[in-house]
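Secondary and tertiary structure notes
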Amino acid sequence: MQQARHDRSPGRTPEQWAALVTELRDLFWIAPAQRPRVAVSSCLLGEAVRWDGGHKRNDVLIAELASWAELVATCPEVGMGMSVPRPPLIVRASGGNLALVEREGATASGRDWTAALDVFARDRLRAIAPLDGFVWKSRSPSCGAAGVTVHEVANGATRAVATGAGIFVCRARVAFRGVAEIEESGFARESTAAAFRIAAEWSLAWRSAAGSARSIGGVARVHRKLRDWWIAVATPLARRLDRVAGESRGVKPSGAGAWAAAYEQVARGGLRALVGVAARSRGGSSSVSRETRHRVAVRIVHRLAARHCTKRGLRSTSLIR
Ligand code: SF4
């Protein structure tokens, strides 16, 4: 399917984004052959693995990613042993956990696939590491990054009770904390796609600096090297990282690993937010209705609340209003 891009980057031109990528790669002496590793839902690459035997090939996404990323295709539903075609799945809330089950109907019995998915996710996510980004198929009960309907079965009736992420996405987030994500719709906007690339390229750069960036002095050196680059990417993020880097005084050598991890977490969180901010900035705030702004505000509040929910599988779920 051919999709068209429908925005010019608010704030930055494609040339400016490209210059930021070049600068980052030069700073870390990253060879042209070295590319960020990005896992992609297989159906977006044109593989006929969907429940109905079809695919969701996205040419814009493929053209963009093929120019700078090393792609790792993954279909969790086929990987965990389901056939093509197969009964459609839903996410079901059950006993405080989320389960991936067949939607009950003429051809399906409500079979629970969660255990099979867990085995596949553990092995597959280990096998494809390291990763610098994820591209997810929206609304899929396995691959959707947000807005996936969570169902509840009560008194023989199935009803929607919440929205959240797909079950495989939840497992991937635990295995690859902070790695940037985007759904296929994000590639329709140059700004979002560019921000995603920046996040993935930084992840590759950080990996390439892994040896030197795991000591107190090493992180400080990496930060000094990148400071102007951070300011060009996002000034508030640069300030936050300044604070983390400045807190190195008083850190004992035994705490260097945790401190480096804190720096990494702030950087990754800021870059993930940048992808999200770029997505939200489409069309400028003036074209966003009051109702939409209210909905976004409610979603942000729920997201903050969800951060405090440590229960496995429920971390990105929010109640429907
Ligand atoms: S959305 Fe995910 S699980 Fe569904 S067909 Fe695509 S890759 Fe497979």
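Residues numbered from 1 in each chain as written. Predicted model: local features only at pLDDT ≥ 70, side-chain atom pairs only at ≥ 80, totals over all residues.

**Quick look at the overall build of the protein chain**
To keep it simple, the criterion reads: Helix and strand definitions follow DSSP, with helices as H or I runs of at least four residues and strands as E runs of at least two, each counted in order from the N terminus. Here exposure depends only on C-beta density: within 10 Å of a residue's C-beta, 20 or more other C-beta atoms make it buried, 12 or fewer make it exposed, and intermediate numbers make it partly exposed, the C-beta atoms being placed from the backbone. Note that contacts rest on C-beta atoms placed from the backbone: two residues are in contact if these are within 7 Å.
Per the secondary structure count, the protein chain includes 10 helices and nine strands. In the protein chain, which comprises 321 residues, the share counted as buried stands at 36%. Across the protein chain, the fraction of contacts at a sequence separation of at least 24, relative to all contacts at a separation of at least 6, is 70%.

**Quick word on the site of the ligand**
Note the following rule: For each residue, a C-beta position is placed from the backbone atoms; the residue is near a molecule or strand when that point lies within 6 Å of it. Under this grouping Gly is polar, as are all residues other than the nonpolar Ala, Val, Leu, Ile, Met, Phe, Trp, Tyr, Cys and Pro and the charged Asp, Glu, Lys and Arg.
By nearness alone, every residue bordering the ligand is listed as Ser41, Ser42, Cys43, Val49, Arg50, Cys75, Pro76, Glu77, Lys137, Ser140, Ser142 and Cys143. Looking at side-chain class alone, the shell around the ligand contains five nonpolar, four polar and three charged residues.

**Some details on the nonpolar core**
Convention followed: Note on terminology: a nonpolar core is any set of buried Ala, Val, Leu, Ile, Met, Phe, Trp, Tyr and Cys residues joined through C-beta atoms within 7 Å.
Grouped together as the largest cluster of nonpolar side chains are 69 residues, with contacts concentrated most on Ile198, Ala199 and Val275. If you tally residues by element for this core, the top one is helix α6 (residues 190-208), at 10 residues. With residues near it in sequence (within four places) discarded, Ile198 still touches Trp17, Leu20, Val21, Val233, Leu271 and Leu274.

**Topic: the pairing of strand β5 (residues 133-136)**
The condition that has to hold: A strand pair is defined by DSSP finding two or more bridges across the two strands.
The alternating pattern of β5 places Gly133 and Val135 and Phe134 and Trp136 on opposite faces, both of which are buried. Bridge count between strand β1 (residues 37-41) and β5: three bridges; the pairing is parallel. Following the sheet pairing, Ala39 is matched in β5 by Phe134. In terms of strand pairing, β5 meets strand β8 (residues 180-183) through four bridges, oriented parallel. What sits directly across from Phe134, in β8, is Glu181.

**What to know about α6**
Going by this rule: In this analysis, the expected span of each helix is defined as 1.5 Å times one less than the number of residues it contains.
When the terminal C-alpha atoms of α6 are compared, their 27 Å separation across 19 residues agrees well with the 27 Å that a helix rising 1.5 Å per residue should span. The buried fraction of α6 amounts to 16 of the 19 residues, a majority that puts the element mostly inside the structure.

**Some thoughts on the sheet that holds β1**
In any sheet, the strands associate via hydrogen bonds between backbone groups, in a parallel or an antiparallel arrangement. The following threshold applies: To obtain an axis, a line is fitted to C-alpha atoms, over the contacting stretch when the element is a helix, and the angle between two such axes runs from 0 to 180 degrees between their N-to-C directions.
Taken in spatial order, the four strands of this open sheet run β2-β1-β5-β8, and their pairing is parallel. Edge strands, defined here as strands with exactly one partner in the open sheet, are β2 (70-74) and β8. When strand polarity is set aside, the average angle formed by the axes of neighbouring strands in this sheet is 20°. Of the strands in this sheet, β1, β5 and β8 touch α6, which is tilted by about 150° from β8.

**What about the packing of helix α7 (residues 216-233) against helix α8 (residues 235-246)?**
For any two helices packed against each other, one specifies the crossing angle of their axes together with the interaxial distance. Going by this rule: Oblique is the label for any angle not under 35 degrees, not over 145, and not in the 65 to 115 range, which are roughly parallel, roughly antiparallel and roughly perpendicular in turn. For any pair of crossing helices, the crossing counts as left-handed if the nearer helix is rotated counterclockwise from the farther one by less than a right angle, and right-handed if it is rotated clockwise.
At a closest axis distance of 8 Å, the pairing of α7 and α8 adopts a crossing angle of 165°. One way to sum up the angle between α7 and α8 is to call them roughly antiparallel. Here α7 runs over α8; the crossing is left-handed. From α7, Val219, Ala220, His223, Arg227, Trp230, Ile231 and Val233 reach across to α8, where they touch Thr235, Leu237, Ala238, Leu241 and Ala245. In terms of residue class, the contact of α7 with α8 is made up of nine nonpolar, two polar and one charged.

**A word on the packing of helix α1 (residues 14-27) against α6**
With their axes 10 Å apart at the nearest point, α1 and α6 run at an angle of 0° to one another. On the basis of the axis angle, α1 is roughly parallel to α6. Facing Pro14, Trp17, Leu20, Val21, Leu24 and Arg25 of α1, the residues of α6 in contact are Glu190, Ala194, Arg197, Ile198, Glu201, Trp202 and Ala205. Taken together, the residues of the contact of α1 with α6 sort by class into nine nonpolar, no polar and four charged.

**Concerning the environment of Ala262**
You can see Ala262 is positioned in helix α9 (residues 256-280). Owing to 15 C-beta atoms within 10 Å, Ala262 belongs among the partly exposed residues under this scheme. The spatial distance from the C-alpha of Ala262 to the C-alpha of Val244 is 7.7 Å, given a sequence separation of 18 residues.

**Focus on the environment of Arg103**
Checked against the element boundaries, Arg103 lands in the loop between β4 (97-102) and α4 (114-127). Residues Arg103 and Pro87, 16 residues apart in the sequence, show an inter-C-alpha distance of 7.0 Å.

**Quick word on unusual backbone geometry**
With an omega of -5°, the peptide bond running from Val84 to Pro85 counts as cis. Cis geometry marks the peptide bond from Ala129 to Pro130, where omega comes out at -5°. Secondary-structure assignment places Pro130 in the loop between α4 and β5.

**Examining the confidence of the model for the protein chain**
Test applied: Known as pLDDT, the predictor's confidence for each residue is given on a scale from 0 to 100.
Averaged over every residue, the pLDDT of the protein chain is 83; residues scoring 70 or more account for 81%. In the predicted structure, residues 6-10 sits below a pLDDT of 50 and forms 14 contacts with residues beyond four places in sequence or in another chain. Confidence over residues 282-321 falls short of pLDDT 50; this stretch has 36 contacts with residues more than four positions distant or in other chains.

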